[in-house]
Amino acid sequence: MKICKLLASLALCTALIISQTACTAKEKEPISDTQYDLLNTTCTITIYDMKETDAQPIIDEAFELCKEYEKKLSKTIEGSDVYKINHNNGQPVSVSEPTNFLIQKGTYYGALSKGRFDITVGRLSNLWNFSGDNPTVPSQEAIQDAVRSIDYTKIHIEKKSKTDNKPQKGLVSNVWIDNPKAEIDLGGIAKGYIADRVSDFLVEKGAKSAIVNLGGNIVAIGSKPDGSPWNIGVEKPFSYRSEILGAVEVKNKTVVTSGIYERMFEENGVLYHHILDITTGYPAESDVEAVTLVADFGKSVDCDALSTICLMLGSQEGAKLIESIDGVEACFVDKSGNIIATSGMTFNSVK
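Notes on the structure follow. As the structure is a computational prediction, the values presented were derived from the model and not from experiment.

Conventions used here
Residues numbered from 1 in each chain as written. Predicted model: local features only at pLDDT ≥ 70, side-chain atom pairs only at ≥ 80, totals over all residues. Heavy atoms only, no water. Helix = DSSP H or I, 4+ residues; strand = E, 2+ residues; numbered from the N terminus. Buried < 20%, exposed > 50% of the residue type's maximum accessible area, 1.4 Å probe, protein only. Contact = heavy atoms within 4.5 Å. Pairing = 2+ DSSP bridges. Axes fitted to C-alpha atoms, helices over the stretch in contact; angles between N-to-C directions. Core = buried A, V, L, I, M, F, W, Y, C linked by side-chain atoms within 4.5 Å. Phe/Tyr/Trp six-rings, centres within 6.5 Å; stacked < 30°, edge-to-face > 60°. Left-handed = near helix turned anticlockwise from the far one by under 90°. Nonpolar A, V, L, I, M, F, W, Y, C, P; charged D, E, K, R; others polar. Salt bridge = Lys/Arg side-chain N within 4 Å of Asp/Glu carboxyl O.

**A few points about the overall build of the protein chain**
Step number 1: Across its full length, the protein chain carries eight helices and 17 strands.
Step number 2: Here the protein chain, with 351 residues, has 55% of them falling under the buried criterion.
Step number 3: In the protein chain, 66% of the contacts between residues at least 6 apart in sequence involve partners at least 24 apart.

Put into structure tokens, the structure is as follows:
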């Protein structure tokens, strides 16, 4: 299993659809490329304000950047930082700055969520093979044993990163976990981090109008070439991209949608999804089927963690949490099809 929230099929590769208008004669044609099974999802990068000879090499380099991060952050790629931590019996491992930063960010959201979001969930997530050909419910004994290994407070970081979302280049630190049976899984936060870094890279290369879509983690760089906002459509849960509930208009923002339909299976008439309750070891129960977060540029990593937390908390407590955080808004879709938006969220429903 690779990093990120793995999606069940190509039809579910993104929870968002970008509404685009046709180019006028004066506008450049958008230059776009898609890679399948990168970060174990479908990733598309589109640049709207450059000619192809300039844009394509930048897009190619951006995809290579994704691969570099995956090699550090995946828990299944042998030799990655996370793999080394999980297979070193609790002894210190020297890790790169991206890994250091993400582990620190993960423990921050562990504390914020009062332990609901816990990056030491690796052994438990391994049991629930949602992306396998024939997923089944693990044994209760195996689940209980895995739950006992989960505790983000047992992670130790020798040298911590800065607290903002701009990692320090070149910083190397030792990381270890007190419990040698515990395993780190950055799948609930890594894709957002990579989306942020790729977006920074595009901006550094001169892109002023672009979209980064890493399987539902969307970063809208700037605005459309004509200066109008991007129109990001929000999919109806379980519609397999066939129905849109509405849209959000954004400029230079990140938009992240998470839903229980992303990875799931049914056994004996019961639906099991990938958002796990670490206290029980089974899928978390709440009234929410999906949540869409809109935040400032550079905060896709935060939205990744917050979207998972909101799915666990439910619409009422989730909205309360988001209202307490500056620069982030949300709309929730509950199991009755109702849409609950935070006070600063502008969501244009389809009528």
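Picking up after the structure, the text goes on.
**Some thoughts on the sheet that holds strand β15 (residues 328-334)**
Step number 1: Spatially, the eight strands line up as an open sheet ordered β2-β3-β7-β8-β11-β14-β15-β16, and their pairing is antiparallel. With one partner strand each, in any of the chains shown, β2 (31-38) and β16 (339-341) form the two edges of the open sheet. Geometrically, the sheet is characterised by an average inter-axis angle of 10 degrees between neighbouring strands, direction not taken into account.
Step number 2: By the bridge criterion, three bridges tie β15 to β16 in an arrangement that is antiparallel. If you follow Cys331 over to β16, its bridge partner there is Ala341.
Step number 3: Sheet strands in contact with helix α1 (residues 52-73) are β2, β3 (41-47) and β7 (209-214), and its direction is about 20 degrees off that of β2.

**Re the nonpolar core**
In summary, soluble globular proteins display a tendency toward joint burial of nonpolar side chains.
Step number 1: Within the largest apolar cluster, 68 residues are counted, with the highest numbers of intra-cluster contacts made by Ile103, Ile184, Leu186, Ile194 and Leu202.
Step number 2: Element by element, the count of residues in this core is highest for α1, at nine residues.
Step number 3: The next biggest cluster of nonpolar side chains, apart from the first, holds 18 residues, and it includes Leu245, Val255, Cys331 and Val333.

**Observations concerning the packing of aromatic side chains**
Step number 1: Per the stated rule, a full pass over the model turns up 11 aromatic pairs.
Step number 2: Relative to Tyr272, the ring of Trp128 has its centre 5.7 Å away and its plane inclined at 35 degrees; by these criteria the two rings are tilted. One end of the pair, Trp128, is in the loop between α4 (122-127) and α5 (140-147); the other, Tyr272, is in strand β13 (residues 270-273), and 144 residues separate them in sequence. Here Trp128 and Tyr272 have matching classes, each one buried.
Step number 3: Note on Phe265 and Tyr272: the rings are 5.4 Å apart at their centroids and 25 degrees apart in plane angle, and the pair reads as stacked.

**Topic: the packing of helix α7 (residues 300-313) against helix α8 (residues 315-323)**
Step number 1: α8 packs onto α7 with a crossing angle of 145 degrees between their chain directions and a minimal axis gap of 6 Å. When the axes of α7 and α8 are compared, the crossing they make is right-handed. Two secondary-structure elements touch here, α7 through Leu306, Ile309, Cys310 and Leu313 and α8 through Ser315, Glu317, Gly318, Leu321 and Ile322.
Step number 2: Considered class by class, the residues forming the contact of α7 with α8 number six nonpolar, two polar and one charged.

**Notes on the pattern of salt bridges**
Step number 1: Applying the stated criterion across every chain, the model contains seven salt bridges.
Step number 2: The salt bridge partner of Lys236 is Glu243, with a shortest N-O separation of 3.7 Å.
Step number 3: With a shortest N-O distance of 2.9 Å, Asp296 and Lys253 are connected by a salt bridge. Here Asp296 is found in strand β14 (residues 288-296), whereas its partner Lys253 is found in strand β11 (residues 253-259), with 43 residues between them in sequence.
Step number 4: Where salt bridges share partners, they join Arg123, Asp145 and Arg148 into one cluster.

**A look at the packing of helix α3 (residues 97-112) against α7**
Step number 1: Two elements in contact, α3 and α7, have axes separated by 11 Å at closest approach and are oriented at 35 degrees. In the packing of α3 onto α7, the handedness of the crossing is right-handed. Together, Leu102, Lys105, Tyr109 and Leu112 of α3 and Val301, Asp302, Ala305, Leu306 and Ile309 of α7 make up the contact between the two elements.
Step number 2: Broken down by class, the residue content of the contact of α3 with α7 amounts to seven nonpolar, no polar and two charged.

**So, unusual backbone geometry**
Step number 1: The phi dihedral of Asn40 is positive, around 60 degrees, even though this residue is not glycine.
Step number 2: Within the element layout of this structure, Asn40 appears in the loop between β2 and β3.
Step number 3: On the basis of relative accessible area, Asn40 is assigned to the partly exposed category, the value being 22%.
Step number 4: Its identity as a non-glycine residue notwithstanding, Asn268 has a phi of 55 degrees, on the positive side.
Step number 5: Mapping Asn268 onto the fold places it in the loop between β12 (264-267) and β13.

**Digging into the pairing of β2**
Step number 1: By the bridge criterion, seven bridges tie β2 to β3 in an arrangement that is antiparallel. Across the sheet, the residue bridging to Gln35 is Cys43, located in β3.
Step number 2: Connecting β2 to the antiparallel partner β3 that follows it, the hairpin turn spans two residues, and Leu39 within it adopts a positive phi of roughly 60 degrees.

**Observations regarding the sheet that holds strand β6 (residues 173-177)**
Step number 1: Taken together, three strands build an open sheet; the order of strands is β4-β6-β5 and the sheet is antiparallel. Looking at the sheet topology across the chains shown, the edges are occupied by β4 (93-95) and β5 (155-157). With direction set aside, neighbouring strand axes in the sheet form an average angle of 30 degrees.
Step number 2: Relative to β6, β4 is paired through three bridges, and the arrangement is antiparallel. Directly across from Val93, in β6, lies its bridge partner Val175.
Step number 3: Across the face of the sheet, α3 comes into contact with β4, β5 and β6 while running at roughly 130 degrees to β5.

By themselves, these observations are geometric and do not establish any function.
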